[in-house]
Amino acid sequence: MADKILIQDLQVRNMIGVDSWERSKRQPLSISIALYTDISPAAGRGDLLSGTINYGATTKAVTEFAESSSYRSIEALAVGIARVCVLKCGAPLVSVNVEKPRGLLHAACAGVHISRSRLDIEELDRINAARSEPKGETTTTTTTTIAAKDDAVSGKDEIYVRELVINAIIGVNTWERIERQRIVVDLTVFLSFDPQVIIGDRVPKMHNYRRMTRLVTEFVEKSSFKTVEALATHIAELVITVCHAPKVTVKIRKPSALIFAESAGVEITRDRSAFPTAAQKSVQQTGTHTVILALGSNLGDRVKNIEFGLKELRSGCSLLDTSFLYETRPMYVLDQPNFLNAVCKVSTSLAPEALLHLLKDIEARCGRDMNGTRNGPRPLDLDIVFYDSAEINTATLQIPHPRLAEREFVLRPLCDISPNFEHPSLFKTCSQLLALLLHSESYAKEPMLRVGPLRSQVVIWNSRTLVMGILNVTPDSFSDGGQFNSVESAVAHARQMLEDGVDIIDVGGQSTRPNAVEVSEEEELGRVIPVIKAIRAAGIETPISVDTYRSGVARASILAGADMINDVTGGTYDPQMCATMAELSVPVCVMHMRGTPQTMTGLTQYADVVGEIQTVLASHVARCIELGVYRWNIVVDPGIGFAKTADQSYELIRDLRRLTEPAGPLAGLPVLVGPSRKRFLADGQVDPKERVWATAAACTASVSGGASILRVHDVREMRDVVRVADRLFRAPSHK
């Protein structure tokens, strides 16, 4: 059939997906159709309309169908139009092109192109009729079917984006290396649409032109290639390896490249064979699955309940990561206590229904009334948010969680650990969903407070600066060595610090001053354990931190009544320390240092002191999390004076906010700073006790830089410093 009846750029209005502003509303579509036929002699010679396909009647039928239907996917609409052309208009073969000119903000259009024969349409109808569930009933999508959709093969169907405009550094000339210029990108992905996808009116990840456009735009804007050939090749690789497209054509034009030509550019076509790693990117169908779980509690000891849930999960899951912990006001049922909320990432071989059964069992064993008020008070709530990239809808389970997009108490902790994970049906990342919620008119603007457990209390980080008082029970500490060697004097000093307003008492039995001599573990235990026990026996309930880099001392101290571990080596000295921290489930402070107290003064060479410390601390934190330490239990310390010169210590305090910058690997972590009486503050003062005023200045600067905890000797004086500094540098809500 070499003849065609053509309908070009038919304009219709249709409710299909969302528009360029992601609103669900009627929008314009442009439809082009080629009806393949053999024009008969009656039409060609006899000039009779009855001898051909009537394009007027076809236009009317297609317009009525398009404007009366509502689809989520443009692919399903295109196939529906093809069905009308074949079954109602009598075309044995049809090509359909459907474009959304208002589909994307920065592109001329997005669209699909398909060709279908009568046999194709009849086969699709047979598959639809054979489906086990009646039309309109909720369908069940399993992990296996989602995986199959992401393993598409190249075919005659096309998804395309035309004239995507991006500003980028591209070119070899000097001015092109410093000035962004406009480039225009066309993308065409070649597929064979899965009939189940068309019948279910679904949009698999690789079909989503909005996602593909966003990824390409982000990549190009960050790039700085010299040639369009290299840029086109890397875009093709991105579309194939990240979007799982089997084949793609990339066309790039540079309108500013030539003075006497409209543009210069390149067009390439690549498939998976060009990028061998593409085959490794397919979604896992069997074996271990990655799952995101939401955790919440608002009855009883909320922290202990959440920790109970995490520990009990080990019977069927391996913990990979945890978010920060948040205190949130209740939703839906408002007359109930505030919640603690978090999310965790686990790996499991359990099927979704089996995992759900495990979660419900854990909730019940934690004391939850399974017949209680929906969304009401509960000691423990465990929900499956994501299961790989699956979409599951059964009588008992719906994944992704159906109300995720309206729940800041899930989205915000999700962004702590998986900000770039894409919702498999909304095709937006977790960070995008959170941003949309925060800017929506319905957003309640209720504060979500990032918190951390500390003994019997829940500390609201950054509401005020905590003061950690130093209690060295050593004979050789640089400032107060020998002052509190006896249990009695140590307890008396603890009482004095309590009166002075201390928040945490830091007990240390091993000096870490420069050139300090290392004592045995037995000696360290003999110094700190009696003091911790005596403080508790004296009725002092202030949280106690133990300053040690030995796991044995840390364990014994926690059992004796301490609440926190402060390790100046960041968990690197003792191979068992991070695992011990995880097992004990207490707050921990990981500090940066190089070498040992005997060698650290000679290890002060940094190209970028803040950047390198950030990188090292990020490695320490990652190892802690990998071994099971909860993210909400971690505090970081840049290690003022430890393998840093005086100038470097000043630079650290001056640029403290950079350490936990929002886009950095330590974002959100509380920071402990310990400048107290240290040598870098000296201006001729030999006696460290004479550096109190200088310490006050350093503490004020640290508060302005976002420090959450200050470790100091002079509690009464620094309590006053912190009180004023908080009023100056914290948010107005902390007046």
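Before any of the text, the structure's been laid out above.
Everything in this summary refers to the structure shown in the same document. (Residues numbered from 1 in each chain as written. Predicted model: local features only at pLDDT ≥ 70, side-chain atom pairs only at ≥ 80, totals over all residues. Heavy atoms only, no water.)

What follows covers the sheet that holds strand 4 (residues 93–100). One open sheet accounts for 9 strands, arranged 3-1-2-4-5-6-7-8-9; its pairing is mixed. The outermost strands of the open sheet, each flanked by one partner alone, are strand 3 (70–71) and strand 9 (264–271). Bridge count for strand 8 (residues 247–254) against strand 9 is 8 bridges, and the pairing is antiparallel. Across the sheet, the residue bridging to Lys 251 is Glu 267, located in strand 9. Those strands touched by helix 2 (residues 55–68) are strand 1 (3–16), strand 2 (27–37) and strand 3, and its axis lies near 20° from that of strand 1. (Pairing = 2+ DSSP bridges. Helix = DSSP H or I, 4+ residues; strand = E, 2+ residues; numbered from the N terminus. Contact = heavy atoms within 4.5 Å. Axes fitted to C-alpha atoms, helices over the stretch in contact; angles between N-to-C directions.)

Judged by side-chain polarity, Val 724, Leu 728 and Phe 729 come together as a nonpolar surface patch covering roughly 280 Å² of accessible area. Mapped onto the elements, Phe 729 comes out in helix 22 (residues 715–729). Phe 729 sits in the partly exposed class, given a relative accessible area of 39%. (Patch = residues over 30% accessible without salt bridge, like charges linked within 9 Å, V, L, I, M, F, W, Y side chains within 5 Å. Areas by Shrake-Rupley, 256 points an atom, 1.4 Å probe, with all protein chains shown as cover. Salt bridge = Lys/Arg side-chain N within 4 Å of Asp/Glu carboxyl O. Buried < 20%, exposed > 50% of the residue type's maximum accessible area, 1.4 Å probe, protein only.)

Turning our attention to the packing of aromatic side chains. This model, assessed by the stated rule, comprises 6 aromatic pairs. Between Tyr 630 and Trp 632, the ring centres sit 5.0 Å apart and the planes meet at 35°, which makes this aromatic pair tilted. Trp 632 shares its class with Tyr 630; the two are buried. Taking NZ or CZ as reference, Arg 631 lies 5.9 Å from the ring centre of Phe 324, over its face. (Phe/Tyr/Trp six-rings, centres within 6.5 Å; stacked < 30°, edge-to-face > 60°. Lys NZ or Arg CZ within 6 Å of the ring centre and 35° of its normal.)

Moving residue by residue along a regular strand, the side chains alternate between the two faces of the sheet. The side-chain alternation of strand 23 (residues 588–591) yields two buried faces, one formed by Val 588 and Val 590 and the other by Cys 589 and Met 591. Judged from the 3 bridges that link them, strand 22 (residues 564–567) and strand 23 form a sheet pairing that is parallel. In the sheet register, Ile 565 faces strand 23, and the bridge partner there is Val 588. With respect to chirality, the unit in which strand 22 leads through helix 17 (residues 577–584) into the neighbouring parallel strand 23 is right-handed. (Right-handed = clockwise from strand over helix to strand, strands pointing away.)

Attention shifts here to the pairing of strand 18 (residues 457–460). In the sheet, strand 17 (residues 449–454) pairs with strand 18 via 4 bridges, with the strands oriented antiparallel. Paired with Gly 452 across the strands is Val 459, a residue of strand 18.

Here the focus is the sheet that holds strand 19 (residues 466–472). Read across the sheet, 8 strands follow the order 24-23-22-21-20-19-26-25 without closing on themselves; strand pairing throughout is parallel. Looking along the sheet, the strands with just one partner apiece sit at the ends: strand 24 (634–637) and strand 25 (672–673). Judged from the 3 bridges that link them, strand 21 (residues 544–547) and strand 22 form a sheet pairing that is parallel. Looking across to strand 22, one finds that Asp 547 is bridged to Asn 566. Most of the contacts of helix 22 go to strand 19, to which it runs at about 165°, and overall it touches strand 19 and strand 26 (709–712).

Now for the nonpolar core. Leu 414, Leu 471, Val 507, Ile 535, Ile 565, Ile 634 and Val 636 are the most contacted members of the largest nonpolar core, which totals 97 residues. Among the elements that take part in this core, helix 18 (residues 609–626) stands out by supplying 8 residues, more than any other. With near-sequence residues (within four places) excluded, Val 507 lies in contact with Leu 471, Val 473, Val 528, Val 531, Ile 535, Ile 544, Ser 545, Val 546 and Asp 547. Membership of the second largest hydrophobic core comes to 70 residues, among which are Ile 16, Val 216, Cys 243 and Ile 268. (Core = buried A, V, L, I, M, F, W, Y, C linked by side-chain atoms within 4.5 Å.)

Let's shift gears to the packing of helix 15 (residues 521–537) against helix 16 (residues 551–560). Two quantities define a packed helix pair, namely the angle between the axes and the distance from one axis to the other. Running from N to C, helix 15 and helix 16 point in directions that differ by 15°, and their axes come no closer than 9 Å. By the angle between their axes, helix 15 is roughly parallel relative to helix 16. Relative to helix 16, helix 15 is oriented so that their crossing is right-handed. Each of Glu 521, Glu 524, Leu 525, Val 528, Ile 529, Ile 532, Lys 533 and Arg 536 in helix 15 lies in contact with helix 16, whose residues at this interface are Gly 552, Val 553, Ala 556, Ser 557 and Ala 560. Here the contact of helix 15 with helix 16 is composed, by residue class, of 7 nonpolar, 2 polar and 4 charged. (Parallel < 35°, antiparallel > 145°, perpendicular 65-115°, else oblique. Left-handed = near helix turned anticlockwise from the far one by under 90°. Nonpolar A, V, L, I, M, F, W, Y, C, P; charged D, E, K, R; others polar.)

Our next topic: the packing of helix 2 against helix 3 (residues 74–88). Orientation of helix 2 relative to helix 3, taken along the N-to-C sense of each, is 145°, at an axis distance of 10 Å. Handedness of the crossing formed by helix 2 with helix 3: right-handed. Where helix 2 abuts helix 3, its residues Thr 58, Ala 61, Val 62, Phe 65 and Ala 66 lie against Leu 77, Gly 80, Ile 81, Val 84 and Cys 85. Here the contact of helix 2 with helix 3 is composed, by residue class, of 8 nonpolar, 2 polar and no charged.

Function cannot be inferred from these measures alone, as they are strictly geometric.
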